[in-house]
Amino acid sequence: MSVAIPQELVERLAAAHRVAVLTGAGISAESGIPTFRDALTGLWARYDPQELATPEGFARNPKLVWEWYAARRASIAGVQPNPGHAALAALEKRFEQFTLVTQNIDSLHQRAGSREVVELHGNIARVKCSIEQIIVSDFPADESPPRCPCGAFLRPDVVWFGEMLPAEALAKAEAAAEQCEVFLSIGTSAQVYPAAELPLRALSAGATVVEINPERTALSRHVHFALQGSAGAILPQLLQELRRVA
Ligand code: BJW
């Protein structure tokens, strides 16, 4: 379904040199990856984040957590990027500075052709030592979870609740939010910090902030343009409008 894209937004985007984008689970929903907080279909409607996405949950039941992530890794391997991911990869080429920041761990932006992706919450494809925090690529496939040569359990290289985000990625994301002229917040419920602060930082720094989401979120009332609809429909449309004027 097509959504009316305000001409004012197209013009501001066409005139921009520095664009920052924050994506969340919603952009991958149309590829078939469930979001977290959607009422009926979100992962947290069926699974307890305290048990599966905290260091304490992993300490209590490492096997359960390892196997949950192994199942998600397998299901992500079977999906494809969608037109929303593709439109962002095409947009990257149009601006002097384009910073794509994602909370997603699924590599779909990279697979769609985005060259530089700032991953705030890690990547499910990588595995690291739960003590030394170093990435480990060779490990026995039949252990659940396998162990690092140091003896500690291995775990997915993702960011759980209560854990710090990768410092370099967060610094890049904050700088992009503060320096951009247009900021797009796409497919995120804007509930998880510090990612949720990024569009607010952009607003404070004077950027035009745009939200793309079928639902209203905590961010909606603050933004200049809230485009209500799916990323897979709106982003290709936005790209097309931009091509018309510039
Ligand atoms: C569509 C669509 C379509 C559907 N098109 N859209 C300040 C205040 C309060 C709390 C805190 C705070 N600062 C820190 C905290 C604690 C915590 C936090 O934020 N808690 C909140 C829940 C209150 N944050 C942290 O712990 C972070 N660490 C940290 O801050 O360290 C410092 C610190 C530590 C301790 C204390 C204080 C400071 C770490 C956060 C890690 C989040 N990890 C997860 C799991 C990653 C691994 C995995 O995948 O398993 O990251 S949780 C989950 O939420 C995942 C996501 O990246 C993240 C955000 O979710 P997202 O992407 O927004 O998804 P949804 O489902 O919420 O929304 C989807 C949206 O898409 C919806 O709006 C739909 O409508 C929309 N949609 N279809 C477009 N087709």
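Residues numbered from 1 in each chain as written. Predicted model: local features only at pLDDT ≥ 70, side-chain atom pairs only at ≥ 80, totals over all residues. Heavy atoms only, no water.

Caption draft 1: Expanded view of unusual backbone geometry. Cis geometry is adopted by the peptide bond preceding Pro145, which originates at Ser144 and carries an omega value of 0°. Position of Pro145 among the secondary structure elements: in the loop between strand E4 (122-129) and strand E5 (154-158). Tyr193 connects to Pro194 through a cis peptide bond whose omega is 5°. One can find Pro194 in the loop between strand E6 (182-186) and helix H10 (197-204). (Helix = DSSP H or I, 4+ residues; strand = E, 2+ residues; numbered from the N terminus.)

Caption draft 2: Local environment of the packing of helix H1 (residues 7-15) against helix H11 (residues 231-245). Direction vectors running N to C along H1 and H11 enclose 70°, while the axes themselves pass 10 Å from each other. Here H11 runs roughly perpendicular to H1, going by the angle between their axes. Every pair of crossing elements has a handedness; the one defined by H1 and H11 is right-handed. Two secondary-structure elements touch here, H1 through Gln7, Leu9, Val10, Leu13 and Ala14 and H11 through Leu238, Glu241, Leu242, Arg244 and Val245. Here the contact of H1 with H11 is composed, by residue class, of seven nonpolar, one polar and two charged. (Axes fitted to C-alpha atoms, helices over the stretch in contact; angles between N-to-C directions. Parallel < 35°, antiparallel > 145°, perpendicular 65-115°, else oblique. Left-handed = near helix turned anticlockwise from the far one by under 90°. Contact = heavy atoms within 4.5 Å. Nonpolar A, V, L, I, M, F, W, Y, C, P; charged D, E, K, R; others polar.)

Caption draft 3: Structural view of the side chain of Glu92. Along the chain, the position of Glu92 falls in helix H7 (residues 83-92). On the basis of relative accessible area, Glu92 is assigned to the buried category, the value being 9%. Excluding its chain neighbours within four sequence positions, the residues that come into contact with Glu92 are Phe98, Gly113, Ser114, Arg115 and Glu116. (Buried < 20%, exposed > 50% of the residue type's maximum accessible area, 1.4 Å probe, protein only.)

Caption draft 4: Main features of the site of the ligand. Not every one of the 35 residues close to the ligand is listed here, only the nearest: Tyr69, Arg72, Glu163, Thr188 and Ser189. Here Tyr69 contributes a side-chain N or O atom positioned 2.5 Å from an oxygen atom of the ligand. Side-chain polar atom of Thr188 to an oxygen atom of the ligand: 2.7 Å apart, as the coordinates give it. Elements supplying a minimum of two residues to the shell around the ligand: helix H2 (26-29) and helix H6 (62-77). Within the shell around the ligand, the residues separate by chemical class into 17 nonpolar, 12 polar and six charged. (Near = heavy atom within 4 Å. Polar contact = N/O pair within 3.5 Å; in protein donor to acceptor, adjacent residues only side chain to side chain.)

Caption draft 5: Spotlight on the packing of aromatic side chains. Tallied over the full model, the rule gives nine aromatic pairs. Ring centres of Phe58 and Trp160 lie 5.5 Å apart, and the angle between their planes is 40°; this geometry places the pair in the tilted category. Of this pair, Phe58 sits in helix H5 (residues 55-60) while Trp160 sits in the loop between E5 and helix H9 (167-179), placing them 102 residues apart in sequence. A network of ring pairs unites the aromatic residues Phe36, Trp44, Tyr47, Phe58, Trp68, Tyr69, Phe153 and Trp160 as a single cluster. (Phe/Tyr/Trp six-rings, centres within 6.5 Å; stacked < 30°, edge-to-face > 60°.)

Caption draft 6: View of the nonpolar core. One finds Leu88, Ile186 and Leu235 to be the most contacted residues of the largest nonpolar core, which totals 30 residues. If you list the elements that add at least two residues to this core, you get H1, strand E1 (18-23), H7, strand E2 (97-102), E6, strand E7 (208-212), strand E8 (225-227) and H11. For this core, the element with the highest residue contribution is H11, accounting for six residues. Ignoring anything within four residues of it in the chain, the contact list for Ile186 reads Val21, Leu22, Thr23, Gly24, Ile27, Leu88, Ile212, Ala231 and Leu235. (Core = buried A, V, L, I, M, F, W, Y, C linked by side-chain atoms within 4.5 Å.)

Caption draft 7: Local environment of the pattern of salt bridges. For the structure shown, the criterion picks out 12 salt bridges. The salt bridge partner of Lys128 is Asp157, with a shortest N-O separation of 3.6 Å. Of this pair, Lys128 sits in strand E4 while Asp157 sits in strand E5, and the two are 29 residues apart along the sequence. Summarising the burial analysis for this pair, Lys128 and Asp157 share the class buried. Members of the salt-bridge network, linked through shared partners, are Glu119, Arg126, Lys128 and Asp157. (Salt bridge = Lys/Arg side-chain N within 4 Å of Asp/Glu carboxyl O.)

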